[in-house]
Amino acid sequence: MSFLVEHFLKYVSFDTQSDEESNKTPSSDGQMVFARYLKDELLSLGLEEVSLDENGYLYATLPANTDKEVPVIGFIAHMDTSPDMSGKDVSPRIVNNYDGTDIVLCKEEGIILSPSQFPELLQHKGEDLIVTDGKTLLGADDKAGIAEIVSAMVYLQQHPEIKHGKIRIGFNPDEEIGLGAHKFDVEKFGCEWAYTMDGGEVGELEFENFNAASAKVTFKGCNVHPGYAKDKMTNSILVANRFMSMLPEQETPEHTEAYEGFYHVVGIKGSVEETVVNYIIRDHDRTLFEHRKEEMKRLADRINEIYGKGTATVELHDQYYNMRQQIEPVMHVVDIAFQAMKEAGVEPHVRAIRGGTDGAQLSFKGLPCPNIFAGGLNFHGRYEFIPIPSMEKAMNVIVKIAELTAKTELTKTA
């Protein structure tokens, strides 16, 4: 078994599911357990400047093997897995030479990974796949990224003929709950630019993402005995329902794609007296994004006109912004990744992320940080899988980026 696969299978054995209800960093104890394990591993592999802070952020360095001035670059992945499904007691297995038929994940419960439901499986016919037992997620998001980064550093150590500058690696907690970059020490990391290894299918290269906000809309009602409620009761649940019906019904996740934004209701909790509705708001275009937030406030004002002042209140919080505006002035960081993919035998697919990434927040903190594929598919659920060749290609892209960054600078100074 290759170093890459062996280490990935070890990494997914750690339960690192992040916790949205937690008020600590990292949000779950398992992430710190995993971070300490990785710290010891990086030290044993001979990496330098290995440090783990109290918040679970792990940094390390592969020293340059050239005396020439080469930009310091970084590679970043997150240690947590999604709260959407358990990541405890993950039991992966390898399906050798996948033949294009159904894969039985759990016979007892009838859980099947089928190309009829997931046609992307057929793109990996003949490859070795790592799958779950149908009872947990796999954790390729983003432990594949960690395994690929670590394996690339080992490969560069073993091949000193590949010249490269100083390379920093960073592994952070809590990306899945939107907090991965919040306590990332960009100054300590000390890079001119970096790449998150956190994308999906082979070839993904992303430097655009949603602008994102959360909206909490609270509706106040008036509860009286239903038998005597005429002209007295205001049912906050029905008021909330009216508000929701005012939003464009086609501007939801299930009706949008590509660069189309949306309003997405993610939770409702209510009674006659009070109902709270939680939304996330997304759009790639900053102007349209701001318009969506204003529309939430306008509709709340309309509810107050109908039912009385104070019936509806909106709390808006920006979460992250489209990193494109931070990347465009330094597009060479994307060009290098694009060329690295080509030289690694990977066809680049530049696309906008219909979501967020730690790289977006890091870009706004002064660290330009596009996102590159890690190779997994069907993240956050029991049908998650990753083709082994996809992981190998991601590792090769990391090596090529390091090589091309040095080659570009050495050519300039030759």
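Residues numbered from 1 in each chain as written. Predicted model: local features only at pLDDT ≥ 70, side-chain atom pairs only at ≥ 80, totals over all residues. Heavy atoms only, no water.

Enquirer: Looking at this model, I keep getting lost on the pairing of strand 5 (residues 103–106). Mind explaining?
Expert: Two faces make up the sheet, and in a regular strand the side chains alternate between them. Note: strand 5 against strand 6 (residues 111–113), three bridges, orientation antiparallel. Opposite cysteine 106, over in strand 6, you have isoleucine 111 as the bridge partner. (Pairing = 2+ DSSP bridges. Helix = DSSP H or I, 4+ residues; strand = E, 2+ residues; numbered from the N terminus.)

Enquirer: How should the packing of helix 1 (residues 3–11) against helix 2 (residues 29–44) be read in this particular structure?
Expert: Axis angle and axis distance: for two packed helices, these are the angle between their axes and the distance between the axes, and together they describe the pair. Helix 2 packs onto helix 1 with a crossing angle of 150 degrees between their chain directions and a minimal axis gap of 12 Å. Classified by the angle their axes make, helix 1 and helix 2 are roughly antiparallel. Residues His7, Lys10 and Tyr11 of helix 1 touch helix 2, and the partners they reach there are Phe34, Tyr37, Leu38 and Glu41. By residue class, the composition of the contact of helix 1 with helix 2 is four nonpolar, one polar and two charged. (Axes fitted to C-alpha atoms, helices over the stretch in contact; angles between N-to-C directions. Parallel < 35°, antiparallel > 145°, perpendicular 65-115°, else oblique. Contact = heavy atoms within 4.5 Å. Nonpolar A, V, L, I, M, F, W, Y, C, P; charged D, E, K, R; others polar.)

Enquirer: What's the story with helix 1 in this structure? I'm lost.
Expert: Each turn of an α-helix holds 3.6 residues, which means side chains three or four residues apart point in the same direction. All of the buried residues in helix 1 are Leu4, Val5, His7, Phe8 and Tyr11. Projected onto a plane normal to the axis of helix 1, the buried residues spread over an arc of 170 degrees and lie on a single side. (Buried < 20%, exposed > 50% of the residue type's maximum accessible area, 1.4 Å probe, protein only. Arc of directions from axis to C-beta.)

Enquirer: Even after reading the chapter, I still don't get a negative patch on the surface, so can you show me in this structure?
Expert: Side chains of Asp19, Glu20, Glu21 and Asp84 sit close together on the surface and give a patch of like negative charge. For aspartate 19, a relative accessible area of 33% gives the class partly exposed. (Patch = residues over 30% accessible without salt bridge, like charges linked within 9 Å, V, L, I, M, F, W, Y side chains within 5 Å. Areas by Shrake-Rupley, 256 points an atom, 1.4 Å probe, with all protein chains shown as cover. Salt bridge = Lys/Arg side-chain N within 4 Å of Asp/Glu carboxyl O. Lys, Arg positive; Asp, Glu negative; His and termini not counted. Charge placed at Lys NZ, Arg CZ, Asp CG, Glu CD.)

Enquirer: What should I look at first to understand the sheet that holds strand 11 (residues 211–220) in this one?
Expert: Remark on secondary structure: sheet strands pair via backbone hydrogen bonds, oriented parallel or antiparallel. Here four strands make up an open sheet; going across it, the order is 12-13-11-14 and the pairing antiparallel. For this open sheet the edge positions go to strand 12 (262–270) and strand 14 (312–320), each flanked by a neighbour on one side alone. Taken over all neighbouring pairs, the strand axes of this sheet differ in orientation by 20 degrees on average, direction set aside. As paired elements, strand 12 and strand 13 (residues 274–283) share eight bridges and run antiparallel to each other.

Enquirer: Could you clarify how one ought to interpret the environment of leucine 316 in this entry?
Expert: The residue leucine 316 is located in strand 14 in this model. C-alpha separation for the pair leucine 316 and lysine 39, spaced 277 residues apart in sequence, amounts to 38 Å. In contact with leucine 316, not counting residues within four places along its chain, are Ser214, Ala215, Ile281, Lys293 and Lys297.

Enquirer: Sorry, what's going on with the pattern of salt bridges here?
Expert: Two side chains bearing opposite charge may form a pair once their charged atoms approach each other closely. Applying the stated criterion across every chain yields a total of 19 salt bridges. A salt bridge links glutamate 294 to lysine 297, with the shortest nitrogen-to-oxygen separation between them at 2.9 Å. Taken together, the residues glutamate 294 and lysine 297, both in helix 6 (residues 286–307) and three residues apart, mark about one turn of the helix. For glutamate 294, a relative accessible area of 44% puts it in the partly exposed group. Between lysine 400 and glutamate 403 there is a salt bridge; the shortest N-O distance is 3.4 Å. With a gap of three residues between them, lysine 400 and glutamate 403 both fall in helix 10 (residues 388–413), about one helical turn apart. Look at lysine 400 and you get partly exposed, because its relative accessible area is 21%. Linked by salt bridges that have partners in common, Arg286, Glu290, Lys293 and Asp318 make up one network.

Enquirer: Would you take a moment to explain unusual backbone geometry for this structure?
Expert: Most of the time, phi is negative for any residue but glycine, and the peptide bond is trans. Here the residue pair threonine 25 and proline 26 is connected by a cis peptide bond, since its omega of -5 degrees sits within 30 degrees of zero. Take proline 26: it is sitting in the loop between helix 1 and helix 2. Aspartate 141 connects to aspartate 142 through a cis peptide bond whose omega is 15 degrees. With respect to the helices, strands and loops of the structure, aspartate 142 is situated in helix 3 (residues 140–158). Even without a glycine there, the phi angle at aspartate 174 is positive, about 60 degrees. Secondary-structure assignment places aspartate 174 in the loop between strand 8 (167–172) and helix 4 (186–189). You will see that histidine 380, though not glycine, has its phi angle at about 75 degrees, which is positive. Locating histidine 380 in the fold gives a position in the loop between strand 16 (371–373) and strand 17 (385–387).

Enquirer: Can you help me understand helix 6 in this one?
Expert: Helix length check: helix 6, at 22 residues, gives a terminal C-alpha distance of 32 Å against a target of 32 Å (1.5 Å per residue), a fit within 8%. Within helix 6 the residues assigned to the buried category are Phe289, Arg292, Lys293, Glu295, Met296, Leu299, Ala300, Ile303 and Asn304. A side-chain oxygen of the first residue of helix 6 lies 2.9 Å from the backbone nitrogen of threonine 287; this N-cap is aspartate 285. Two residues or fewer past helix 6, glycine 308 is found with a positive phi of approximately 115 degrees. (Expected span 1.5 Å × (residues − 1). Polar contact = N/O pair within 3.5 Å; in protein donor to acceptor, adjacent residues only side chain to side chain.)

Enquirer: How should the nonpolar core be read in this particular structure?
Expert: Proteins that are soluble and globular tend to have nonpolar side chains buried together. If you look at the biggest cluster of nonpolar residues, it comprises 68 residues, and the most contacted ones within it are Phe8, Phe75, Met153, Phe171, Ile372 and Ile401. For this core, the element with the highest residue contribution is helix 10, accounting for ten residues. Leaving out residues up to four positions away in the same chain, isoleucine 401 has contacts with Ile73, Phe75, Tyr195, Ile336, Ala337, Ala340 and Ile372. Formed by 18 residues, the second largest nonpolar core is a distinct cluster that contains Ile281, Met296, Leu299 and Ala312. (Core = buried A, V, L, I, M, F, W, Y, C linked by side-chain atoms within 4.5 Å.)

Enquirer: Looking at this structure, how should I read the sheet that holds strand 10 (residues 204–208)?
Expert: Sheet architecture is open: eight strands sit in the order 1-2-8-3-9-16-10-15, paired in mixed fashion. Of all strands in the sheet, those with a lone pairing partner are strand 1 (48–52) and strand 15 (349–352), marking the two edges. Taken over all neighbouring pairs, the strand axes of this sheet differ in orientation by 25 degrees on average, direction set aside. In this structure, strand 10 lies alongside strand 16, joined through two bridges in antiparallel fashion. Paired with glutamate 206 across the two strands is asparagine 371, which belongs to strand 16.

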